[in-house]
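So you can see what is in the structure, the chains are spelled out below.
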Amino acid sequence: MSERKRLMIIDDDPDFVAGIRAILDGAGYDTEVAYNPKDGFAALKARPHDLLLLDIMMGRGAEGVMMARKLRKDPVLKDLPVLIITGIREQIAFMFPGQAVHPNFVPLNELIEKPVEPDLLLERVRALLKAAETRGQPVA
Amino acid sequence: MEGSARILVVDDEEIVLDSCTEILRGEGYQLATASDGARGLALVKAFRPDIVVVDLKMPGLSGFEVLERIRETDPTVVAIVITGYATVSSAVEAMKKGAYDFLPKPFTPEEFRLIIRRGVEKRSLVLETIALRRERDLLREHFAAIVSHELKAPLAAIQQNVFVLEQQLATAAPDLRERLGRVKARMADLLQMVDTWRKGVSIDIDAIKTHLAPVSVRVPIDKAVESALVYATRKGVTIEVAVPEPSPRVLGDQGTLTEALVNILGNAVKFSRDGGRIEVTAEVRDDDVRLAVADHGVGIAPDDLPRVFEAFYTQPGAAGERGSGLGLAVSRRIVEAHGGGITVQSTPGQGSTFVITLPALGGDGPGAEGPEAEPLAASAKDGPR
């Protein structure tokens, strides 16, 4: 890695965040955390990030979905790779990576279920970062 | 019913309306009257009665027509008919059209009061049933949501930190790592159980039936095997899959079919001894696709065989594992919603074979355009119980 990649985590569960953050920090990533979508969006706008790890069920419902939709409409952030980490896979069951997107949902890059094994988490993060690089898109 | 019951009397004879009003005075009801069917129907909408008493024989709209229109407007309204010519046949006809009861003319005040009282009781029951049903559905949804989020979120957070701890203790004393391994394993069981419970509660059979699409059985089999692999690997159990090419196809719901297989596979792992082997096979036999999961584990005693698909029936696994007792029950519900059946054969000490039978879908059709759900109904009864 030529330079440390900066990852944004948006999740309202501090204990869960502590768990994945330790894994990501240990693997040499710079992590930043927001505990609600609003702060998270502001942070993404304020500084460039290489990847977003996004929780779905936040606040009063699936606020993560709204967040992802908002990102895809943003001219700068629309290409930011998003890794969804969710407690309940079925609620967005129709969405699987590489497949057609559920009409009520959002395009995103990957989805994994909580809790996530460290190796799997790191593998997915690595793969998404690599894919973004080979796309040649300067990430926001 | 909140407040006093609302009663509408529809009769072309003024004397009947007057006497009904008189009889019910002081009984605590709200009363409205109409002198013909059209006015009566207008009042059904405006007055929103709990009970409608309607004369069968009226000029203009007949009582029968009024009954029918009431059904269309609000089928929960309790209708009582007054039969002028006391013939049983017209009363029977009215009951067929949805009337709750009938009152032959002439009637005594006591008869009228009684039939109204019974009608009000009926109406309360109808409303209560509707409310309870709604509440049941809500509870089911809420329970599923609560279980999935409120229960699973903290468990996931704990387990996530256990994962980290495991990394950090990679070089710690073996007994420390072993203890942590136990914590992690039990936490994984608990997460699995929460998942199974939630699915058991929230699986909507009707929804499955309306979302059937052609599915290659290879897909749910692979997904299920992938899902069971962590647990299997932990026990040193190997899973062998043999599915013909091209894969047999069924009309199904991929997500729930996977779920059905996951439960059976999880079960097979659970009852396998360490280092055991599980075979998953698919074949077309006659007009059915047979998916079999065979283990060589501890098996099931003949006495217990009929009960394995019952909810909350549970046996400790080969290594003492505990389950929710819901997995196989959920699997059976899913398979039956697909118009299929599920059976088990077992020899104690030698292992068990679970077989899911689903109506096969012609495999060589162009693309994913499968036939409609018609074959399901025909084969549903064939499903072994």
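Residues numbered from 1 in each chain as written. Chains lettered and ligands numbered in written order. Predicted model: local features only at pLDDT ≥ 70, side-chain atom pairs only at ≥ 80, totals over all residues. Heavy atoms only, no water.

### Observations regarding the pattern of salt bridges
Stage number 1. Across all of its chains, the model carries 29 salt bridges over all chains by this definition.
Stage number 2. For the salt bridge of Glu-32 of chain A with Arg-47 of chain A, the shortest nitrogen-to-oxygen distance reads 2.4 Å. Residue Glu-32 of chain A is found in strand E2 (residues 30-34), and its partner Arg-47 of chain A is found in the loop between helix H2 (37-46) and strand E3 (51-55); the two are separated by 15 residues along the sequence.
Stage number 3. Of the residues examined, Arg-47 of chain A reaches a relative accessible area of 34% and is grouped as partly exposed.
Stage number 4. The salt bridge involving Lys-184 of chain B is made with Glu-166 of chain B; its shortest N-O contact spans 3.1 Å. A residue pair is termed long-range when its members are at least 10 positions apart, and Lys-184 of chain B in helix H6 (residues 174-202) and Glu-166 of chain B in helix H5 (residues 109-168) qualify at 18 residues.
Stage number 5. Looking at Glu-166 of chain B, the relative accessible area reads 31%, which means it is partly exposed. (Salt bridge = Lys/Arg side-chain N within 4 Å of Asp/Glu carboxyl O. Helix = DSSP H or I, 4+ residues; strand = E, 2+ residues; numbered from the N terminus. Buried < 20%, exposed > 50% of the residue type's maximum accessible area, 1.4 Å probe, protein only.)

### Focus: the layout of surface pockets
All names here are of chain B.
Stage number 1. By volume, the second largest pocket amounts to about 370 Å³.
Stage number 2. Lining the second largest pocket we find 14 residues, and of these Arg-186, Asp-189, Arg-234, Ala-319 and Glu-321 sit closest to its centre.
Stage number 3. In terms of residue count, H6 provides more of the lining of the second largest pocket than any other element does, 6 residues in total.
Stage number 4. Broken down by class, the residue content of the lining of the second largest pocket amounts to 5 nonpolar, 1 polar and 8 charged. (1 Å grid on protein atoms, 1.4 Å probe; cavity = no way out; pocket = protein on both sides within 12 Å on 5 of 7 lines; lining within 4 Å. Points joined across faces, edges and corners; volume = space filled by probe spheres on them. Nonpolar A, V, L, I, M, F, W, Y, C, P; charged D, E, K, R; others polar.)

### Describing the sheet that holds strand E2 (residues 30-34) of chain B
All names here are of chain B.
Stage number 1. Spatially, 5 strands are ordered E2-E1-E3-E4-E5 in an open sheet, and the strand pairing comes out parallel. Lying at the two open borders of the sheet, with one neighbouring strand each, are E2 and strand E5 (101-104). The sheet shows a mean angle of 20 degrees between the axes of neighbouring strands, direction not considered.
Stage number 2. Bridge count for strand E4 (residues 78-83) against E5 is 4 bridges, and the pairing is parallel. What sits directly across from Thr-83, in E5, is Pro-104. (Pairing = 2+ DSSP bridges. Axes fitted to C-alpha atoms, helices over the stretch in contact; angles between N-to-C directions.)

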